[in-house]
Amino acid sequence: TIGAVVVAKGRRRDSAIRLAGGLEAGSSHPYALAVGDLLESEGLEATSVSDLRDIEAGVVGRLRGEDVGLHRPDRLPKGVQLDTVLAAALDEAIRAGHGVSVLCRGGEAHALFSFVHDDGREGADGLVAQLYRQGVNVEILSGDLQSAVDAFAASVGMPNGAAHGGLSPEQKVRFVEERGATHVTMMVGDGFNDAGALAKADVGVAVGTGEQVNLEAADVLIPGDDPRMIATLVGMVRSAQRTLAFNLMFSIGITLVLVFAVMNGWYDQLWVGVLVHEMSVIVVILNGARLAGSDGWWSLLSGTFLSLISDIKVSLKLATARWTS
């Protein structure tokens with residue numbers, strides 16, 4: 001949400017908000033949505049800006065022949081300086097752990113927008129705690145100011161050392177590549193700037209509706225807004241790994257036992273070996289099917305048994321009808 005809108009000396013607040021709204025008109029970034037909410041709450045219409053394009057740490061366009069843009073304060077265009085009013089507002093925002101964007105027009109800084117990071121998805125703190133319990137290391141990669149990223153990390157139970165701010169999309173990619181050299185990495189993102197890192201990670205996860213480029217770069221899509229689904233995903237994958245390992249070892253073990261039994265003459269009836277083998281296959285199938293639900297073995301077995309009885313009854317009715325006709 002918007003924390004404050006501070007304008008430079010001689011500038012109008014409503015004009016700054018309208019121009020910021022025009023620059024953010026085509027973006028789904030949380031800051032853009034916050035600016036849109038501010039426009040709506042104050043009954044203002046966005047200024048029409050042409051040639052809109054994303055740049056590193058900002059968005060730029062053209063307005064009546066002048067360059068206009070919203071920039072991160074440490075990535076201002078060359079020659080742009082903050083006056084005393086904007087500089088004081090920037091210092092205050094950094095101390096408070098807020099995000100900041102500076103509105104520039106014609107080579108001058110016109111206004112400063114601060115953003116309060118109270119928009120974390122519900123369950124984010126629970127997600128971090130659960131991932132820690134699962135033995136997963138969690139780090140934040142963000143293009144925002146380091147002070148704002150540190151404040152958000154603290155709000156979800158993460159140490160400052162795990163929060164990395166001021167990163168461009170290319171720096172996110174390099175970070176994931178470096179982590180990938182020593183760790184199995186999973187990158188989770190929901191914005192355009194995450195696409196490259198999603199593609200480089202061992203597992204890329206797009207959350208929410210996502211940008212189209214994210215959906216193409218990711219391996220997994222979590223369509224909902226509940227971030228705790230990520231921990232659920234990790235748990236499901238580990239359960240599947242354990243089940244697969246058990247099924248392989250069990251199948252191989254039964255086969256070796258049967259071969260050893262035949263070689264030592266423990267039985268000489270073919271049906272015994274076939275029965276044992278088929279029973280082992282059923283165990284493997286049921287163990288694998290257990291992953292499809294969370295109701296336990298008994299529910300799975302009873303459901304399967306009832307389905308078999310129902311199918312047998314239907315088959316007998318069809319057979320009886322055919323014989324009598």
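One can find the structure itself at the top, above this paragraph.
Residues numbered from 1 in each chain as written. Predicted model: local features only at pLDDT ≥ 70, side-chain atom pairs only at ≥ 80, totals over all residues. Heavy atoms only, no water.

Asker: I tried to follow the overall build of the protein chain on my own but got confused; where do I start?
Answerer: Scanning the protein chain for helices and strands turns up 11 helices and 11 strands. Relative to the globule expectation of 20 Å for 325 residues, the C-alpha radius of gyration of the protein chain, 30 Å, shows a markedly less compact shape. Overall, the protein chain is about 100 × 55 × 30 Å in size when its C-alpha atoms are taken along their principal axes. Expressed as a percentage of the 325 residues in the protein chain, the buried residues total 34%. Summarising the internal contacts of the protein chain: among those between residues at least 6 apart in sequence, 53% fall at separations of at least 24. Approximately 19200 Å² of the protein chain is accessible, and the part contributed by carbon and sulfur atoms is 58%. Separation between the mean location of the 26 positive side-chain charges and that of the 38 negative ones in the protein chain comes to 1 Å. (Helix = DSSP H or I, 4+ residues; strand = E, 2+ residues; numbered from the N terminus. Rg over C-alpha atoms; globule rule 2.2 N^0.38 Å. Buried < 20%, exposed > 50% of the residue type's maximum accessible area, 1.4 Å probe, protein only. Contact = heavy atoms within 4.5 Å. Areas by Shrake-Rupley, 256 points an atom, 1.4 Å probe, with all protein chains shown as cover. Lys, Arg positive; Asp, Glu negative; His and termini not counted. Charge placed at Lys NZ, Arg CZ, Asp CG, Glu CD.)

Asker: Looking at this structure, I do not really get the pairing of strand E10 (residues 203-207). What am I missing?
Answerer: Two faces, one strand: in a regular strand the side chains alternate between the faces of the sheet. By the criterion of burial, E10 is predominantly enclosed, with 4 of the 5 residues buried. Pairing analysis gives 4 bridges linking strand E9 (residues 186-189) to E10, with the strands arranged parallel. Directly across from Val188, in E10, lies its bridge partner Val205. Assessed by its sense of winding, the connection that carries the chain from E9 through helix H7 (residues 195-200) to E10 is right-handed. (Pairing = 2+ DSSP bridges. Right-handed = clockwise from strand over helix to strand, strands pointing away.)

Asker: Help me out: how do you make sense of the packing of helix H1 (residues 13-23) against helix H2 (residues 30-41) in this one?
Answerer: When two helices pack together, their arrangement is given by the angle between their axes and by how far apart the axes lie. At their nearest, the axes of H1 and H2 sit 9 Å apart, and the two run at 135° to each other. In terms of axis orientation, H1 runs oblique to H2. Once H1 is placed against H2, the crossing between them reads as left-handed. Counted together, Arg13, Ile17, Arg18, Ala20 and Gly21 of H1 and Val35, Leu38 and Leu39 of H2 form the full contact between these two elements. Looking at the contact of H1 with H2 residue by residue, the classes come out as 5 nonpolar, 1 polar and 2 charged. (Axes fitted to C-alpha atoms, helices over the stretch in contact; angles between N-to-C directions. Parallel < 35°, antiparallel > 145°, perpendicular 65-115°, else oblique. Left-handed = near helix turned anticlockwise from the far one by under 90°. Nonpolar A, V, L, I, M, F, W, Y, C, P; charged D, E, K, R; others polar.)

Asker: Please clarify how the packing of aromatic side chains should be interpreted in this entry.
Answerer: One pair of aromatic rings is described through two measures. These are the centre distance and the angle between the planes. For the structure on display, the rule yields 2 aromatic pairs. Plain terms: the ring middles of Tyr31 and Phe115 are 4.0 Å apart, the flat faces sit at 5° to each other, and that makes the pair stacked. In this pair, Tyr31 is assigned in helix H2 and Phe115 in strand E6 (residues 108-115), connecting sequence segments 84 residues apart. Accessibility assignment for this pair places Tyr31 and Phe115 in one class, buried. Their ring planes at 15° and their centres at 5.7 Å tell us that Phe246 and Phe250 sit as a pair that is stacked. With a gap of 4 residues between them, Phe246 and Phe250 both fall in helix H9 (residues 229-263), about one helical turn apart. (Phe/Tyr/Trp six-rings, centres within 6.5 Å; stacked < 30°, edge-to-face > 60°.)

Asker: Is there a simple way to explain the sheet that holds strand E11 (residues 220-222) in this structure?
Answerer: Strand pairs in the sheet, formed through backbone hydrogen bonds, run parallel or antiparallel to each other. Spatial strand order, E9-E10-E11: 3 strands in an open sheet with parallel pairing. Edge strands, defined here as strands with exactly one partner in the open sheet, are E9 and E11. Each strand axis lies, on average, 20° off the axis of its neighbour in the sheet, ignoring direction.

Asker: Help me out: how do you make sense of a nonpolar patch on the surface in this one?
Answerer: Taken together, Leu244, Leu248, Ile252 and Leu256 make up a surface patch of nonpolar side chains, about 410 Å² in accessible area. Within the fold, Ile252 resides in helix H9. Residue classification places Ile252 among the partly exposed positions, given a relative accessible area of 47%. (Patch = residues over 30% accessible without salt bridge, like charges linked within 9 Å, V, L, I, M, F, W, Y side chains within 5 Å. Salt bridge = Lys/Arg side-chain N within 4 Å of Asp/Glu carboxyl O.)

Asker: Help me understand the side chain of Ser114 in this model?
Answerer: Its place among the elements puts Ser114 in strand E6. Judged by its relative accessible area of 6%, Ser114 falls in the buried class. In this structure the side chain of Ser114 is engaged in a polar contact, spanning 2.9 Å, whose partner is the backbone nitrogen of Ala4. (Polar contact = N/O pair within 3.5 Å; in protein donor to acceptor, adjacent residues only side chain to side chain.)

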